[in-house]
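Descriptive structure summary
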Amino acid sequence: MTEKNIVILISGSGSNMAAIADAARGGQWERRHGARVAAVISNRPAAGGLSLARERGIATQVVDHTAFDGREAFDAALMAEIDRHRPTLVVLAGFMRILTPGFVRHYEGRLVNIHPSLLPAFPGLQTHQRAIEAGCRFAGCTVHRVTAELDHGEYLEQAVVPVLPGDTPASLAERVLSQEHLVYPRAIERLLARPALNP
Ligand code: NHR
Ligand code: GAR
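Throughout what follows, the structure given in this document is the object of discussion. (Residues numbered from 1 in each chain as written. Chains lettered and ligands numbered in written order. Predicted model: local features only at pLDDT ≥ 70, side-chain atom pairs only at ≥ 80, totals over all residues. Heavy atoms only, no water.)

Moving on, we get to the layout of surface pockets. A water-sized probe rolled over the atoms picks out the places where empty space is left. There is about 950 Å³ of room inside the largest pocket. Lining the largest pocket are 35 residues; nearest its centre among them are Gly94, Phe95, Met96, Ile114 and Pro116. Taken together, the elements giving at least two residues each to the lining of the largest pocket come down to helix 1 (15-26), strand 5 (111-115), helix 6 (127-133) and helix 7 (169-193). Broken down by element, the residue count for the lining of the largest pocket peaks at four residues, all from helix 7. Among the residues forming the lining of the largest pocket, the class breakdown is 16 nonpolar, 15 polar and four charged. (1 Å grid on protein atoms, 1.4 Å probe; cavity = no way out; pocket = protein on both sides within 12 Å on 5 of 7 lines; lining within 4 Å. Points joined across faces, edges and corners; volume = space filled by probe spheres on them. Helix = DSSP H or I, 4+ residues; strand = E, 2+ residues; numbered from the N terminus. Nonpolar A, V, L, I, M, F, W, Y, C, P; charged D, E, K, R; others polar.)

Here is the structure:
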């Protein structure tokens, strides 16, 4: 079966990356879909997710965005690193840099992200704080294809959680994150199971 390489981009703790890697192993994606997590790449050298990846025997790389002069130069270096793995799928998992249209075009149809809100509500940052301040009764997360327009690609999966009285951004983030760890691996496996990833 052809090898489907997944490259995961992180910036932080990497819990979504770990959930995907664990689902790939536990769900036997290699045997069932010919797919594996080929590499984890972070734009931040201190990202905790790098050690989670190494503990799982996954190749890691850092492409530090602060070492580049502008987004285009960073994205070009990141693309070169990603393409070493000939990816079938590039997965943003807590990746915190907006990507240039050139990058997105290069990976069109094989680039996904998880956003910590029920899109189209609350694109961008500080989503949990904004949901609480808006008085929302529900919050959640969205797995979506990535397009040049921020947080606007086709939605692949969503999960809903209640916003509880007294919730802080941290308590709501924790509740949403537990759902992210379920829906992201499920969304990715559904993509891998399709005959052609880019329908
Ligand atoms: N790039 C494109 N073109 N389209 C999307 O939909 C993207 C993207 C890159 C990242 C994740 C997104 C999220 O789920 C994502 C979606 C970072 C920012 C941001 O403002 C906004 C949205 C997302 C990720 N980043 C700042 C920047 O200047 C830096 C913030 C930081 O470093 O902490 O790039 O939330
Ligand atoms: C997750 O909640 C994810 O939805 C969010 O950051 C967290 C990353 O956690 N992503 C973004 O905000 C992307 N802009 P993780 O590093 O433990 O997966």
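By the definition in use, this model includes two aromatic pairs. Relative to Tyr107, the ring of Phe103 has its centre 4.8 Å away and its plane inclined at 55 degrees; by these criteria the two rings are tilted. Here Phe103 falls in the buried class, since its relative accessible area comes to 0%. (Phe/Tyr/Trp six-rings, centres within 6.5 Å; stacked < 30°, edge-to-face > 60°. Buried < 20%, exposed > 50% of the residue type's maximum accessible area, 1.4 Å probe, protein only.)

On to the site of ligand 2, then. The local shell around ligand 2 consists of Ser13, Gly14, Ser15, Asn16, Gly94, Phe95, Met96, Ile114, Pro116, Leu177 and Glu180. One of the side-chain N or O atoms of Glu180 is found 2.8 Å from an oxygen atom in ligand 2. For ligand 2, the protein covers 82% of the area, taking 440 Å² as the surface of the free molecule. Here ligand 2 occupies the largest pocket. Among the secondary structure elements, those contributing two or more residues to the shell around ligand 2 are helix 1 and helix 7. (Near = heavy atom within 4 Å. Polar contact = N/O pair within 3.5 Å; in protein donor to acceptor, adjacent residues only side chain to side chain. Areas by Shrake-Rupley, 256 points an atom, 1.4 Å probe, with all protein chains shown as cover. Sits in = over half its atoms within 2 Å of the grid points.)

With that settled, the discussion passes to the site of ligand 1. Among the 20 residues in the neighbourhood of ligand 1, the closest are listed as Arg71, Ile98, His115, Thr147 and Asp151. Between an oxygen atom of ligand 1 and a side-chain N or O atom of Asn113, the distance comes to 3.0 Å. Side-chain polar atom of His115 to an oxygen atom of ligand 1: 2.9 Å apart, as the coordinates give it. Coverage of ligand 1 by the protein amounts to 85% of the 720 Å² it exposes when considered alone.

Per the counting criterion, the structure on display carries 10 salt bridges. With a shortest N-O distance of 2.8 Å, Glu189 and Arg32 are connected by a salt bridge. Within this pair, whereas Glu189 is found in helix 7, its partner Arg32 is found in helix 2 (residues 29-33), the two being separated by 157 residues in sequence. Salt bridges here are not isolated pairs; linked through shared partners, they connect Asp22, Arg25, Glu55 and Arg56. (Salt bridge = Lys/Arg side-chain N within 4 Å of Asp/Glu carboxyl O.)

Turning our eyes to something else, we now look at the pairing of strand 2 (residues 35-42). When you tally the buried positions in strand 2, you get seven out of eight residues, the bulk of the element. The sheet contact formed by strand 2 and strand 3 (residues 59-62) spans four bridges and is parallel. What sits directly across from Ala39, in strand 3, is Ala59. (Pairing = 2+ DSSP bridges.)

Using the criterion set out here, one finds zero disulfides in the structure. Free cysteine: Cys136, not disulfide-bonded; nearest cysteine sulfur from Cys141 at 15 Å. Since its relative accessible area comes to 0%, Cys141 is described here as buried. (Disulfide = S-S within 2.5 Å.)

Membership of the largest hydrophobic core comes to 37 residues, with the highest contact counts inside it found for Ile6, Ile8, Val91, Tyr184 and Ile188. Counting residues per element, this core draws most heavily on helix 7, which supplies eight residues. Among residues more than four places away in sequence, those in contact with Val91 are Ile6, Val7, Ile8, Leu9, Ile20, Val112, Tyr184 and Ile188. One finds Val90, Val104, Tyr107 and Leu111 within the second-largest nonpolar core, a separate group that totals 17 residues. (Core = buried A, V, L, I, M, F, W, Y, C linked by side-chain atoms within 4.5 Å. Contact = heavy atoms within 4.5 Å.)

Worth remembering: the numbers are spatial, not functional.
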